[in-house]
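Observations on chain architecture
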Protein chains: 2
Amino acid sequence: MAQLESWRAGAAKSVITDFVTRVTTVGGPDFLPVSERIATFDNDGTLWCEQPLQVQFFFGRDRLKAMAEKDPSLAQRQPFKAFLDHDMAAIRDLGMRGFFEVAAATHAGLTEDEFEVVARDWLLTSRHPSLGRPFTDLVYRPQIDLIAYLQANGFKVFIVSGGGIDLIRSFSEGVYGVARDQVVGSSVKTSFELRDGVGVLVKRAEIDSFDDREAKPHNIGLHIGRRPVFAFGNSDGDLAMLRYTKTGRGPRLALLIHHDDPEREFAYDRDFRVSPLAEALDKAKDYGIEVVSMKDDWATVFDQPK
Amino acid sequence: MAQLESWRAGAAKSVITDFVTRVTTVGGPDFLPVSERIATFDNDGTLWCEQPLQVQFFFGRDRLKAMAEKDPSLAQRQPFKAFLDHDMAAIRDLGMRGFFEVAAATHAGLTEDEFEVVARDWLLTSRHPSLGRPFTDLVYRPQIDLIAYLQANGFKVFIVSGGGIDLIRSFSEGVYGVARDQVVGSSVKTSFELRDGVGVLVKRAEIDSFDDREAKPHNIGLHIGRRPVFAFGNSDGDLAMLRYTKTGRGPRLALLIHHDDPEREFAYDRDFRVSPLAEALDKAKDYGIEVVSMKDDWATVFDQPK
């Protein structure tokens, strides 16, 4: 049985293990059949580092740089200009949707197989700007352990992210142990074409769904078709998902990670313009959401470099 | 190990069992890891009876009748008028999308929990117009056995249907053994609302996706994120999905059920105006699609009434 060794003993760990014990105790009042053990996790800031900006930003920017070398006119058009000029105020104003729009624009025309190669190559070769490690090294060890713990207890774990669905899928099985079809995220429209006799999905620049705020419950309904009993987020963008989860009948657990650990990661909440944590933090008690302190509740944050 | 006793010995059964043996033989040239064993099935006409019209039609019409008793003006508006007048030519012209639009219009305003109750009640109480049995009795025994056989061999089985995603989910786990999140179908937009403090998804009349033809590969990309290696359909509406599946690299199997059994079910193909089988039948050999004869290849069609 997977354990939560990366979680310090305390209220947060207890509320998780108590909940899982209750819903898995056969004959108990809160027992849930396996089919109802649905857990959803946000990705940016919940499963991996989102500072100084979400990974989606770096992904789009790097591709944009390569494209601008071939087509300098890109550098004169917004929002591309802001990305290429490192205009941080303008970049932060774009928010997560803006990052996704740029990433979508720069990957339009690729087939899904081509995109997979681009995404995997980029994740292998790119590095976090200050921490100097691959972004997939900057996943939170306690969350990896928690996903494994939930799966070992019969939960089906889904990622529900504002990030691009196919970028996350390119590493979700290897890094999180979450199958590609259990990833929900922002997505673009595609065209089905036959190229050299092979049917392919070609990515278009047009956004199909920006999976943030109220879109998260909608996409949970679309992709999962069942209200989660467990949800974990870190910003106001996750509040609708957390409340959708928490306000159902029966046993429910909604959690929010608070980035209060400048020594090991970062300390931020309402001041993070891209994806602030304000209402969810102020109203957590009213809404029955459990706030987890990165500083106090996590024994480790990242695995040591290999 | 699940067996295919409801399939007669012959070419169709052999092609299935040979394929499954090849992709599950460790060390063999066609071995696939479990994560790549993705199978998709159409629903109407592939997993259950779609004659004289798709179940979605009867579902929408019955709800429309109840609504028209309260609001007689509905009977003056198309496409509702055609449904209520039993104008069969007009109804058939509407096609599957028209059936879904009517069902969507008649369920707008319901929460997902309310819809689930409506769908389950309707499936329990309604009967096929000529066969006199509940629609969920009119699922094909050989396909239920095939789903179980694939699952026993490590396949993750998905339904990819033009029918309403939540109608299928209301019986997919009990009847097909397919989890709700493994159902893909036509869907409507929803609104996230708090009603009496409970977060709910409210169905709107606006279609989000009509999951037919080229939309099937798109929705496979969106929901599954991996090209299937096995697909089963029965009409031109499935052709894009079958070709998407069949034209990938490595071992692939695409199958088409031909309704040629007027004794036990129905005989139809290119004459079925709602969802014809014409191009897929004419080009099956060119496209490498295996045609399955209901009459010859299936030892049973439906289970006996209980």
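See the structure above.
Residues numbered from 1 in each chain as written. Chains lettered and ligands numbered in written order. Predicted model: local features only at pLDDT ≥ 70, side-chain atom pairs only at ≥ 80, totals over all residues. Heavy atoms only, no water.

Some points on the relation of the copies chain B and chain A
- Each copy of the sequence occupies a distinct position, and chain B is placed on chain A by a rotation of 180 degrees and an axial shift of 0.0 Å, giving an RMSD of 0.0 Å. In short, the pair behaves as if placed about a two-fold rotation axis. Across chain B, the smallest distance between a C-alpha and the rotation axis is recorded for His223 of chain B, namely 3.2 Å.
- Most of the interface of chain B is mirrored in chain A, where 100% of its interface residues are also at the interface. (Least-squares fit on C-alpha atoms with pLDDT ≥ 70 in both. Contact = heavy atoms within 4.5 Å.)

A closer look at the nonpolar core
- Ranked by size, the top nonpolar core spans 73 residues in total, and within it Phe41, Leu146, Phe155, Tyr176 and Phe230 of chain B carry the most contacts.
- If you tally residues by element for this core, the top one is helix α4 (residues 88-107) of chain B, at seven residues.
- Beyond its immediate chain neighbours, meaning those up to four positions away, Leu146 of chain B contacts Leu4, Trp7, Ile16, Phe41, Phe230 and Phe232 of chain B.
- Formed by 72 residues, the second largest nonpolar core is a distinct cluster that contains Phe19, Leu138, Val188 and Ile207 of chain A. (Core = buried A, V, L, I, M, F, W, Y, C linked by side-chain atoms within 4.5 Å. Buried < 20%, exposed > 50% of the residue type's maximum accessible area, 1.4 Å probe, protein only. Helix = DSSP H or I, 4+ residues; strand = E, 2+ residues; numbered from the N terminus.)

Describing the interface of chain B and chain A
- Taken together, the 38 residues of chain B in the interface contact 38 residues of chain A.
- Taken over both partners, the interface formed by chain B and chain A buries close to 3100 Å², and the fraction arising from carbon and sulfur atoms is 47%.
- Among the residues of chain B in contact with chain A, Asp181, Phe192 and Leu222 of chain B are the three that bury the most area, contributing 20% of the side total.
- Across the pair Glu173 of chain A and Arg226 of chain B runs a salt bridge whose closest N-O atoms are separated by 2.9 Å.
- Applying the counting rule to chain B against chain A returns 22 residue pairs in polar contact (both at pLDDT 80 or more).
- Breaking the side of chain B that touches chain A down by element, the ones donating at least two residues are α5 (112-125), β2 (156-164), α7 (165-176), β3 (183-195), β4 (198-209), α8 (215-223) and α9 (239-246) of chain B.
- Looking at which element gives the most residues to the side of chain B that touches chain A, the answer is β3 of chain B, with six residues.
- For the side of chain B that touches chain A, the residue count by class is 14 nonpolar, eleven polar and 13 charged. (Buried area = accessible area lost by both parts, 1.4 Å probe. Salt bridge = Lys/Arg side-chain N within 4 Å of Asp/Glu carboxyl O. Polar contact = N/O pair within 3.5 Å; in protein donor to acceptor, adjacent residues only side chain to side chain. Nonpolar A, V, L, I, M, F, W, Y, C, P; charged D, E, K, R; others polar.)

Details of the packing of aromatic side chains
- Scanning the entire structure with this criterion turns up 40 aromatic pairs over all chains.
- On the basis of an interplanar angle of 45 degrees and a centroid distance of 6.3 Å, the ring pair of Phe19 of chain A and Phe230 of chain A is categorised as tilted. Remark: Phe230 of chain A occurs in strand β5 (residues 230-233) and Phe19 of chain A occurs in helix α1 (residues 11-24); sequence separation between them is 211 residues.
- By relative accessible area, Phe230 of chain A is classed as buried at 0%.
- With a centroid separation of 5.3 Å and an interplanar angle of 50 degrees, the aromatic rings of Tyr140 of chain B and Trp298 of chain B are classed as tilted. In this pair, Tyr140 of chain B sits in the loop between α5 and α6 (141-152) while Trp298 of chain B sits in the segment after α12 (294-297), placing the two residues 158 residues apart along the sequence. Of the two residues, Tyr140 of chain B and Trp298 of chain B, neither departs from the other in class, the shared state being buried.
- An aromatic cluster of at least three residues, connected via ring pairs, comprises Trp7, Phe19, Phe41, Tyr140, Phe155, Phe230, Phe232, Trp298 and Phe302 of chain A. (Phe/Tyr/Trp six-rings, centres within 6.5 Å; stacked < 30°, edge-to-face > 60°.)

As for helix α4 (residues 88-107) of chain A
Residues and elements named next belong to chain A.
- Here α4 is 20 residues long, yet its end C-alpha atoms lie only 23 Å apart, well below the 28 Å a rise of 1.5 Å per residue gives.
- The axis of α4 is deflected most strongly, by about 100 degrees, at Gly95.
- For α4, the full list of buried residues reads Ile91, Gly95, Met96, Gly98, Phe99, Phe100, Val102, Ala103, Ala104, Thr106 and His107.
- Residues of α4 that are buried make contact with α2 (55-70), α3 (80-85), α5 (112-125), β2 (156-164), β3 (183-195) and β4 (198-209).
- One or two positions beyond α4, positive phi appears at Gly109, with a value near 95 degrees. (Expected span 1.5 Å × (residues − 1). Bend = angle between axes of the 7 residues up to and from the residue.)

Points about the packing of helix α2 (residues 55-70) of chain B against α5 of chain B
Residues and elements named next belong to chain B.
- Orientation of α2 relative to α5, taken along the N-to-C sense of each, is 110 degrees, at an axis distance of 11 Å. Here α2 is positioned roughly perpendicular relative to α5, judged by the angle of their axes. Facing α2, whose interface residues are Val55, Phe58, Phe59, Asp62 and Arg63, α5 presents Phe115, Val118, Ala119 and Trp122.
- Looking at the contact of α2 with α5, its residues break down into seven nonpolar, no polar and two charged. (Axes fitted to C-alpha atoms, helices over the stretch in contact; angles between N-to-C directions. Parallel < 35°, antiparallel > 145°, perpendicular 65-115°, else oblique.)

A few points about the pairing of strand β6 (residues 253-260) of chain B
All names here are of chain B.
- The element β6 is extensively covered by neighbouring structure, given that eight of its eight residues are classed as buried.
- Burial along β6 is two-sided: the residues Leu253, Leu255, Ile257 and His259 and Ala254, Leu256, His258 and Asp260 are all buried.
- The pairing of strand β5 (residues 230-233) with β6 spans four bridges and is parallel. The residue of β6 that forms the bridge with Phe230 is Leu253.
- Regarding topology, α9 serves as the crossover connection from β5 to the parallel β6, and that connection is right-handed.
- Alignment of β6 against strand β8 (residues 290-293), held across four bridges, turns out to be parallel. Looking at β8, one finds that Ile257 is bridged to Val292.
- The pairing of β6 with strand β7 (residues 267-268) spans two bridges and is classified as antiparallel. (Pairing = 2+ DSSP bridges. Right-handed = clockwise from strand over helix to strand, strands pointing away.)

What about unusual backbone geometry?
Residues and elements named next belong to chain A.
- Residue Pro52 is bonded to the preceding Gln51 through a cis peptide linkage, with omega at 0 degrees.
- Secondary-structure assignment places Pro52 in the loop between β1 (38-41) and α2.
- In the segment running from Gln78 into Pro79, the intervening peptide bond is cis, with an omega of 5 degrees.
- With respect to the helices and strands, the residue Pro79 is situated in the loop between α2 and α3.

Some remarks on α7 of chain B
Residues and elements named next belong to chain B.
- With twelve residues, α7 ought to run about 16 Å at 1.5 Å a step, yet its terminal C-alpha atoms sit only 14 Å apart, falling short of that.
- Counting buried positions along α7 gives nine out of twelve residues, so the element sits mostly inside the fold.
- Every buried residue of α7 is listed here: Ile165, Asp166, Leu167, Ile168, Arg169, Ser170, Phe171, Ser172 and Tyr176.
- Looking one or two residues past α7, Gly177 carries a phi angle of roughly 70 degrees, positive in sign.

Section: empty space enclosed by the protein
- Within the structure shown, the criterion is met by two cavities of 30 Å³ or more.
- Lining the largest cavity are Asn43, Asp44, Trp48, Val55, Gln56, Met96, Gly163, Gly164, Leu167 and Ile168 of chain A.
- Elements supplying a minimum of two residues to the lining of the largest cavity: α2, β2 and α7 (165-176) of chain A.
- Taken together, the residues that form the lining of the largest cavity break down as five nonpolar, four polar and one charged.
- Considering only enclosed or pocket space, the second largest cavity measures out at about 30 Å³ in volume.
- For the second largest cavity, the full set of lining residues is Asn43, Asp44, Trp48, Gln56, Gly163, Leu167 and Ile168 of chain B.
- Of the residues that constitute the lining of the second largest cavity, the class distribution is three nonpolar, three polar and one charged. (1 Å grid on protein atoms, 1.4 Å probe; cavity = no way out; pocket = protein on both sides within 12 Å on 5 of 7 lines; lining within 4 Å. Points joined across faces, edges and corners; volume = space filled by probe spheres on them.)

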